Amino acid sequence: MLRSLVGSEMCIRDRWYQRRVHGDNRKFERRQIIQIEMSQTREENVFMSKITEQTERFEDMIEYIKKIANAESELTIEERNLLSVAYKNTVGSRRSAWRALTSIEQKEEAKGGSHLPLIRTYKKKVEEELSKYCQEIIRLLDERLIKQAVKAEGKVFFLKMKADYYRYICEYATADLHSKSSQSALEAYKAASDIANTELKTTDPIRLGLALNFSVFHYEVMNDPQKACQLAKKAFDEAIADIEQLEDDKYKDSTTIMQLIRDNLTLWTSEMGDAPEEGDN
């Protein structure tokens, strides 16, 4: 009896010791990881941003690129694009999920299904995640990136980005939040356009991308298809007129965006019952 009690006591002490040692080791390992991440250089954070992009770990990608974005210096073109990819994919997957859930919700509502509360609860969760990431990048743009941008190209890029994420909020927001977000998006798009129209070439892919997204904003958020078509057509016509000035390294990006603008114009004008004749711009 005594041996079994002593044996039990020793087992308890052994388990306690193992937990203590392994627990301390795990804490030490976690501290090491945190210290390594904090001490990473800018180049190492860029490298890890690329690794997480390749492995489609976009939430992790955000954490690495934020360390660079929170530095005092202006982002390079490569870093700027990595930032865009990280948030676009993180938010994009949730935008797709929200649209799918909205469709499912409508079908469930139409048939009077009993699962409607479950769908709406999960949809609310997705909306909260969308708000988290959209507000996070908007705050980063307002507090650092827009202020740090020196060149017109960078300013337009970041102002457009700010407007885009307010536009994404408008997709699911209602009432006062929708109104405030649409106004903020409009102001940012206008500010970006003022700079782009005076300081960037008509064929510049950033200027064309701005025109594309600003026209989509007018069509989808402001419910103003006429304004959307006017803006898109102006950007397309101006770029076509200056197509000979298009630089070789920007040719693919610019022509791809021009085709998207053209596709939207064709769709929107046909929906308005005013499709352009074949061959028209």
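Residues numbered from 1 in each chain as written. Predicted model: local features only at pLDDT ≥ 70, side-chain atom pairs only at ≥ 80, totals over all residues. Heavy atoms only, no water.

Student: Would you take a moment to explain the packing of helix H2 (residues 42–54) against helix H4 (residues 77–110) for this structure?
Tutor: Two quantities define a packed helix pair, namely the angle between the helix axes and the distance between the axes. Running from amino to carboxyl end, H2 crosses H4 at an angle of 40 degrees, the nearest separation of the two axes being 11 Å. Accordingly, the angle class assigned to the pair H2 and H4 is oblique. The hand of the H2/H4 crossing is left-handed. Residues Arg-42, Val-46, Ser-49, Lys-50 and Glu-53 of H2 touch H4, and the partners they reach there are Glu-78, Glu-79, Leu-82 and Val-85. For the contact of H2 with H4, the residue count by class is three nonpolar, one polar and five charged. (Axes fitted to C-alpha atoms, helices over the stretch in contact; angles between N-to-C directions. Helix = DSSP H or I, 4+ residues; strand = E, 2+ residues; numbered from the N terminus. Parallel < 35°, antiparallel > 145°, perpendicular 65-115°, else oblique. Left-handed = near helix turned anticlockwise from the far one by under 90°. Contact = heavy atoms within 4.5 Å. Nonpolar A, V, L, I, M, F, W, Y, C, P; charged D, E, K, R; others polar.)

Student: Can you help me understand the side chain of Arg-80 in this one?
Tutor: Structurally, Arg-80 is set in helix H4. For Arg-80, a relative accessible area of 6% puts it in the buried group. Engagement of the side chain of Arg-80 in a polar contact is seen with the side chain of Glu-153, the distance being 3.2 Å. Residues in contact with Arg-80, not counting those within four places in the same chain, are Leu-75, Glu-153, Gly-154, Phe-157, Phe-158 and Ile-206. (Buried < 20%, exposed > 50% of the residue type's maximum accessible area, 1.4 Å probe, protein only. Polar contact = N/O pair within 3.5 Å; in protein donor to acceptor, adjacent residues only side chain to side chain.)

Student: How should the packing of aromatic side chains be read in this particular structure?
Tutor: Any aromatic ring pair is given by two values, namely how distant the centres are and how the planes are angled relative to each other. Evaluated as defined, the whole model comprises six aromatic pairs. Measuring from ring centre to ring centre gives 5.0 Å for Tyr-189 and Phe-214, while their planes differ by 15 degrees; the resulting arrangement is stacked. Here the residue Tyr-189 occupies a position in helix H7 (residues 175–199), and Phe-214 occupies one in helix H8 (residues 205–220), the gap between them amounting to 25 residues. Just as Tyr-189 is buried, Phe-214 falls in that class too. You can call Phe-214 buried: its relative accessible area is 7%. The positively charged end of Arg-80 is found above the aromatic ring belonging to Phe-157, 4.8 Å away from the centroid. (Phe/Tyr/Trp six-rings, centres within 6.5 Å; stacked < 30°, edge-to-face > 60°. Lys NZ or Arg CZ within 6 Å of the ring centre and 35° of its normal.)

Student: Would you mind going over the environment of Leu-116 with me for this structure?
Tutor: Tracing the backbone through its elements, the reader meets Leu-116 in helix H5 (residues 116–148). It is 9.1 Å that separates the C-alpha atoms of Leu-116 and Ile-104, two residues lying twelve residues apart in sequence. Those residues in contact with Leu-116 that lie beyond four places of it in its chain are Glu-105, Glu-108 and Glu-109.

Student: Is there a simple way to think about the environment of Ser-181 in this case?
Tutor: The topology assignment puts Ser-181 in helix H7. Look at Ser-181 and you get buried, because its relative accessible area is 3%. Between the C-alpha atoms of Ser-181 and Ile-169, which are twelve residues apart in sequence, the distance is 6.7 Å. Those residues in contact with Ser-181, other than ones at most four positions away along the chain, are Tyr-166, Ile-169 and Cys-170.

Student: Would you explain H5 in this entry?
Tutor: Residues three or four positions apart in an α-helix share a direction because the helix packs 3.6 residues into each turn. In this model, H5 (33 residues) spans 47 Å end to end at C-alpha, consistent with the 48 Å of a helix rising 1.5 Å per residue. By the largest-angle criterion, Leu-141 marks the main kink of H5, which is about 50 degrees. (Expected span 1.5 Å × (residues − 1). Bend = angle between axes of the 7 residues up to and from the residue.)

Student: How do you make sense of the pattern of salt bridges when you look at a structure like this?
Tutor: Side chains that carry opposite charge are capable of pairing whenever their charged atoms lie near each other. A full pass over the atoms with the stated rule returns 25 salt bridges. Among the salt bridges present, the one from Glu-108 reaches Lys-111, with a minimum N-O distance of 3.6 Å. The buried category is assigned to Glu-108, whose relative accessible area is 9%. Using a relative accessible area of 64% as the deciding quantity, one classes Lys-111 as exposed. Salt-bridge contacts for Lys-180 lead to Asp-176; the nearest nitrogen and oxygen are separated by 3.2 Å. With Lys-180 and Asp-176 both in helix H7 and four residues apart, the pair spans about one turn of that helix. (Salt bridge = Lys/Arg side-chain N within 4 Å of Asp/Glu carboxyl O.)

These figures capture arrangement, not role.
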